[in-house]
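Spelled out, the chains give:
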Amino acid sequence: MKNSLAVKLLRGSFFLLLALIAAFFPRVLHVPEPAPPELSLSTIATILALFMQGVIWANIIISYYLQRYVQLYATDGSSITTFKALGAVARLTIWITLGFAALYALNIPIRPLLAGLGIGGLAIALAVQNILGDLFAAISIVIDKP
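Small disclaimer: the values here were computed from a predicted structure and weren't measured. Sequence positions are assigned chain by chain, starting from 1 and proceeding in written order. Only residues with pLDDT of 70 or above have their local features reported here, since the model is predicted, and side-chain atom pairs are shown and tallied only from 80 upward, although totals for entire chains, interfaces and linings are computed over all residues. Hydrogens and water are ignored here; the side-chain numbers use all heavy atoms of the structure.

### With respect to the nonpolar core
For the purposes of this section, nonpolar cores are sets of buried Ala, Val, Leu, Ile, Met, Phe, Trp, Tyr and Cys residues that join through side-chain atoms within 4.5 Å. Each residue is placed in one exposure class: buried if its accessible area under a 1.4 Å probe, protein chains only, is under 20% of its type's maximum, exposed if it is over 50%, and partly exposed if it falls in between. I47, F51, V55, A102 and L106 form the largest nonpolar core, which has five residues in total. Looking at this core, the element that brings in the most residues is helix α3 (residues 41-73), giving three residues. Ignoring anything within four residues of it in the chain, the contact list for I47 reads A102, A105 and L106. Secondary structure elements are defined from DSSP: runs of H or I of at least 4 residues count as helices, runs of E of at least 2 residues count as strands, and each element is numbered from the N terminus. Contact between two residues is taken to exist if any of their heavy atoms lie within 4.5 Å; hydrogens are not considered.

### A short note on the confidence of the model for the protein
What pLDDT conveys is the predictor's confidence in a given residue, as a value from 0 to 100. Averaged over every residue, the pLDDT of the protein is 79; residues scoring 70 or more account for 88%. Taken element by element, the predicted model of the protein shows its lowest mean pLDDT in helix α2 (residues 14-29) (72) and its highest in helix α4 (residues 77-105) (84).

### Comments concerning the packing of aromatic side chains
Two rings from Phe, Tyr or Trp (for Trp, the six-membered ring) form a pair when their centres sit within 6.5 Å of each other. Planes less than 30 degrees apart are called stacked, planes more than 60 degrees apart edge-to-face, and all others tilted. Under the definition given, this model contains three aromatic pairs. Seen in terms of ring centroids, F51 and W95 are 5.8 Å apart; in terms of plane orientation they differ by 80°. Their pairing is edge-to-face. In this pair, F51 is assigned in helix α3 and W95 in helix α4, connecting sequence segments 44 residues apart. Residue W95 is classed as partly exposed on the basis of its relative accessible area, which comes to 38%. Residues Y64 and Y65 carry aromatic rings whose centres are separated by 5.2 Å and whose planes lie at 80° to one another, so their mutual orientation is edge-to-face.

Have a look at this one:
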């Protein structure tokens, strides 16, 4: 019997449980809270566990819908490969977005990091522009199927 999306999400909810325990455990032990500018270790653990839980849920959702779409619409190997590549790009995008959200929640400045990634991405794109051109041309040929 195939598992539904809800069952898969519940099975992948370990880090959510871990985050709730990490947030509640110091209160049980009556650990004093740090000064307001600092984050307590339980808050950091909670943020990181919630980040991982978001990544796990996003991977489950992307895998579920990708597998479903491939079963319904994919007819040849090239389209399956294209769908899986798009799934990998979606997963990478989710990882990066949730990573920046976690860094922001931990009060780590992300603007310098984003500026550095922008400059680094530009340098890499200029260095491999012929390869990227060939890659996009191949994706265009696979999608259009001339």
